[in-house]
Amino acid sequence: MSKQWGGRFEEKTDPVVEAFTASVHYDSRLAMYDIQASIAHARMLGRQRIISQKDAQKIVQGLECIRKEIEQGKFVWNPSLEDVHTNIEHALIQKIGECGKKLHTARSRNDQVATDVRLWTRAQIDTIIDLITQFQGVLVEFAEAHLDIITPGFTHLQPAQPVLLAHHILAYFEMFQRDKMRFKELRPRVNILPLGATALAGTPHPIDPYYVAEQLGFEQLCANSMDAVSDRDFLIEFCSYSALIMMHLSRWCEELIIWSSPLFGFIGIGDAFTTGSSIMPQKKNPDVAELVRGKSGRVYGHLIALLTVMKSLPLTYNRDMQEDKEVVFDTADTVENSLIVCTKMVSSIRVNQENIQRALDLGYMEATDLADYLVERGVSFREAHSIIGKIVLYAIKNKKHLRELSMDEYKSFSSLFDKDVFTILQPTTIVKRRNSPGGTSPYWVKKALLKAKKQLIK
Ligand code: ARG
């Protein structure tokens with residue numbers, strides 16, 4: 001099969017080189033965007049009389065035919081034709097003859113691939129924003145359905161202070177809200193048309209890139225033709241924001257893994273989202289959550305891979321940049337599939353209120369509140385901290401909960417203790433008193449829920 005660029009060559013490409021340079025086995029994924037951009041380009045060529053209107057029409061019809069063949073799985077991709085662009089162009093020429101050779105007027109694969117990838121990235125951004133919203137939706141439902149549950153809040157994975165379970169869940173709502181914001185901010189930086197930059201320097205043909213931009217829904221043109229074909233910073237941002245999503249998902253999944261361990265027993269993950277062991281019949285493992293946690297590793301890896309591919313490349317296009325595609329494709333697949341599976345998994349979670357209740361008795365989580373009790377009665381916080389530390393030590397030694405100590409025992413540490421100290425020791429009181437903005441009191445958590453719901457509708 002003769003190459004589109006074969007004229008200058010006397011020898012045939014070595015088959016090893018053909019296989020080594022081919023990318024069609026993965027970039028055929030860009031086919032629909034390639035055709036969409038080519039149709040816009042051909043129409044522009046016709047409107048501008050760079051080619052005849054008749055030729056432009058034939059090209060558009062030919063491309064539409066090819067689109068159908070691809071959709072129906074009838075199109076045969078040929079690796080010796082290198083990539084998605086040359087495969088489609090070759091098929092067009094086969095289909096409509098000589099006039100198909102005019103499509104590539106005032107265009108290079110350099111601006112063509114940059115255009116396709118920007119169209120692809122824009123679509124992924126929209127999909128990911130949508131998937132995050134769905135995930136946030138089930139988090140909000142879950143939080144609302146468990147508004148009455150108080151659970152240990154942790155620092156260092158040690159019991160710290162009681163919090164509403166809904167407050168803990170809504171912390172994730174906020175993280176994903178920022179993830180969404182990052183993708184929304186990225187979109188206009190992606191949505192810029194490189195086509196018209198041609199190989200690197202622009203073209204002498206009287207093109208109308210504004211028309212092409214409008215056809216493809218791009219908001220702007222790239223300002224510099226050399227920049228247009230040579231940067232992939234928008235893909236690095238895409239990978240970077242994706243890495244942040246995976247980081248957040250991995251933390252969420254880590255919590256589900258810990259909470260569902262029988263040693264915690266706070267939740268059970270549904271059978272449909274867990275797997276068994278091939279040897280230990282009793283096991284129900286949180287493999288889905290573990291895999292999401294594990295897949296964060298490959299997404300981080302892709303970010304580093306792309307940064308490394310781009311590092312030190314001289315302007316403008318270099319073939320190194322073909323290496324961008326597999327990493328961004330896998331990044332998008334991994335993030336999207338992880339969001340989908342995590343969304344479904346949330347609705348399978350059953351909360352075990354008794355176990356959570358029992359855990360509230362561990363770890364002396366009322367200690368800060370006892371210190372604050374003394375502060376309210378005039379003791380400095382440092383002094384109060386020291387007194388309560390001694391009370392906790394006393395309770396540990398005597399194997400008692402703080403609420404099991406007698407009034408006399410409290411009085412022996414400070415005369416400021418009174419009977420009302422026992423109300424302080426109730427988790428419901430503790431939570432209700434944390435009424436500072438963004439705190440865990442039911443007042444603020446209900447407010448946060450309302451706000452979250454409004455943000456989801458927007
Ligand atoms: N397959 C190539 C890529 O993905 C398309 C651009 C090829 N350009 C070139 N000058 N060889 O980067």
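Reference entry: report on the structure contained in this document. (Residues numbered from 1 in each chain as written. Predicted model: local features only at pLDDT ≥ 70, side-chain atom pairs only at ≥ 80, totals over all residues. Heavy atoms only, no water.)

1. Some points on the nonpolar core
If you look at the biggest cluster of nonpolar residues, it comprises 111 residues, and the most contacted ones within it are Phe135, Trp252 and Leu339. Ranked by residue count, the leading element in this core is helix α10 (residues 233–260), at 16 residues. Other than its neighbours up to four places away in sequence, Phe135 contacts Phe176, Leu249, Trp252, Leu339, Cys342, Thr343 and Val346. Core analysis: the second largest hydrophobic core is formed by 20 residues, Ala367, Ile388, Val421 and Leu425 among them. (Core = buried A, V, L, I, M, F, W, Y, C linked by side-chain atoms within 4.5 Å. Buried < 20%, exposed > 50% of the residue type's maximum accessible area, 1.4 Å probe, protein only. Helix = DSSP H or I, 4+ residues; strand = E, 2+ residues; numbered from the N terminus. Contact = heavy atoms within 4.5 Å.)

2. Brief notes about empty space enclosed by the protein
Under the defined criterion, the tally for this structure stands at one cavity of 30 Å³ or more. Quantified by volume, the largest cavity comes out at close to 30 Å³. If you trace the largest cavity, you find it lined by His41, Met44, Ala106, Leu195, Gly196, Ile207, Asp208, Pro209 and Val212. Residue assignment for the lining of the largest cavity shows that the elements contributing at least two residues are α3 (31–47) and α8 (209–216). Classifying every residue of the lining of the largest cavity by side-chain character gives six nonpolar, two polar and one charged. (1 Å grid on protein atoms, 1.4 Å probe; cavity = no way out; pocket = protein on both sides within 12 Å on 5 of 7 lines; lining within 4 Å. Points joined across faces, edges and corners; volume = space filled by probe spheres on them. Nonpolar A, V, L, I, M, F, W, Y, C, P; charged D, E, K, R; others polar.)

3. Thoughts on the site of the ligand
Residues in contact with the ligand, as listed here, are Ser23, Asp83, His85, Arg109, Asn110, Val113, Tyr317, Gln322 and Lys325. Asp83 places a side-chain nitrogen or oxygen 2.9 Å from a nitrogen atom of the ligand. Lys325 places a polar side-chain atom, nitrogen or oxygen, 2.6 Å from an oxygen atom of the ligand. The fraction of the free accessible surface of the ligand (350 Å²) that becomes covered by protein chains is 87%. The biggest single contributor to the shell around the ligand is helix α6 (residues 109–145), with three residues. When its residues are assigned to classes, the shell around the ligand shows two nonpolar, four polar and three charged. (Near = heavy atom within 4 Å. Polar contact = N/O pair within 3.5 Å; in protein donor to acceptor, adjacent residues only side chain to side chain. Areas by Shrake-Rupley, 256 points an atom, 1.4 Å probe, with all protein chains shown as cover.)

4. Quick look at the layout of surface pockets
Its volume calculated, the largest pocket comes out at about 350 Å³. Together, 17 residues line the largest pocket, and Phe154, His168, Tyr172, Arg251 and Glu255 are the ones closest to its centre. For the lining of the largest pocket, the secondary structure elements donating two or more residues are β1 (150–155), α7 (165–190) and α10.

5. Focus on the environment of Lys54
Considering the arrangement of structural elements, one finds Lys54 in helix α4 (residues 53–71). In this structure, the C-alpha to C-alpha distance between Lys54 and Cys99, residues 45 residues apart in sequence, is 9.5 Å.

6. Observations regarding helix α12 (residues 324–346)
For α12, which comprises 23 residues, the first-to-last C-alpha distance of 33 Å matches the rise-based estimate of 33 Å (1.5 Å per residue) to within 8%. The buried count for α12 comes to 17 of 23 residues, which makes it a mostly enclosed element. (Expected span 1.5 Å × (residues − 1).)

7. Examining the side chain of Ser242
Counting through the fold element by element, Ser242 comes out in helix α10. There is a polar contact of 2.7 Å between the side chain of Ser242 and the backbone oxygen of Phe238. Among residues more than four places away in sequence, those in contact with Ser242 are Phe183, Val299, Thr331 and Val335.

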